[in-house]
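Residue-level structural notes
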Amino acid sequence: MKFPPLNISFIGPPGSGKGSYGQLLAQSLSIKLRTASTILKEAHLDTSSGKLLPDKKVSEILMKNIPQSPFFLDGFPRTIEQV
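In this text the structure is predicted, and so the values were computed from the model without any measurement. (Residues numbered from 1 in each chain as written. Predicted model: local features only at pLDDT ≥ 70, side-chain atom pairs only at ≥ 80, totals over all residues. Heavy atoms only, no water.)

Some thoughts on the overall build of the protein
- For the protein, the count of helices and strands is three helices and two strands.
- Its helices and strands in sequence order give the protein the pattern α-β-α-α-β, from N to C terminus.
- Looking at the 83 residues of the protein, the share that counts as buried comes to 22%.
- Summing over all exposed atoms, the protein offers an accessible surface of approximately 6500 Å²; the carbon and sulfur share of this is 57%. (Helix = DSSP H or I, 4+ residues; strand = E, 2+ residues; numbered from the N terminus. Buried < 20%, exposed > 50% of the residue type's maximum accessible area, 1.4 Å probe, protein only. Areas by Shrake-Rupley, 256 points an atom, 1.4 Å probe, with all protein chains shown as cover.)

Right, here's the structure in full:
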């Protein structure tokens, strides 16, 4: 049976298991797991300081770099403005 495209978001505080459950979900659905921090690093933006980057910049970069095929994006949105 083929299912229509599905977007899933896990919402919770740091350390609540969003990334762990995302990995399990991505594996079980055979979809690609992407993290916002990986995409930003690939765009040569340093996220290691722990400071949040401007919402508009983060949104623009992620929207340009997310795959067109099914995927699970971990770590986005992080602020109300990014929603």
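What about the environment of L52?
- Mapped onto the elements of the fold, L52 is located in the loop between α2 (36-42) and α3 (55-65).
- Judged by its relative accessible area of 52%, L52 is exposed.
- Through-space distance from the C-alpha of L52 to that of R78 is 8.6 Å; in sequence the pair is 26 residues apart.
- Setting aside residues no more than four positions away along its own chain, L52 makes contact with R78 and T79. (Contact = heavy atoms within 4.5 Å.)

Re the environment of G75
- Mapped onto the secondary structure, G75 falls in the segment after β2 (71-74).
- Taking the C-alpha atoms as reference points, G75 and K18, separated by 57 residues in sequence, lie 8.6 Å from one another.

Side note on helix α1 (residues 18-29)
- Between its first and last C-alpha atoms α1 spans 16 Å; for 12 residues at 1.5 Å apiece the expected length is 16 Å, and the two agree.
- The set of residues buried in α1 consists of G22, L25 and A26. End-on view of α1: buried residues confined to an arc of 100°, all on one side of the axis. In α1, the exposed positions that point more than 90 degrees away from the buried face belong to Y21, L24, Q27 and S28. (Expected span 1.5 Å × (residues − 1). Arc of directions from axis to C-beta.)

Things to note about α3
- Along α3, the residues classified as buried are V58, I61 and L62. Each buried residue of α3 lies within a common arc of 95° when the element is viewed along its axis, so the set occupies one face. Residues of α3 that are exposed and point over 90 degrees away from its buried face: K56 and K64.
- Buried positions along α3 lie against α2.

Brief notes about the confidence of the model for the protein
- On average, residues of the protein score 76 in pLDDT, and 77% of them are at 70 or above.
- Model confidence for the protein, summarised as mean pLDDT per element, is weakest for β2 at 68 and strongest for α1 at 85. (pLDDT = per-residue confidence, 0-100.)

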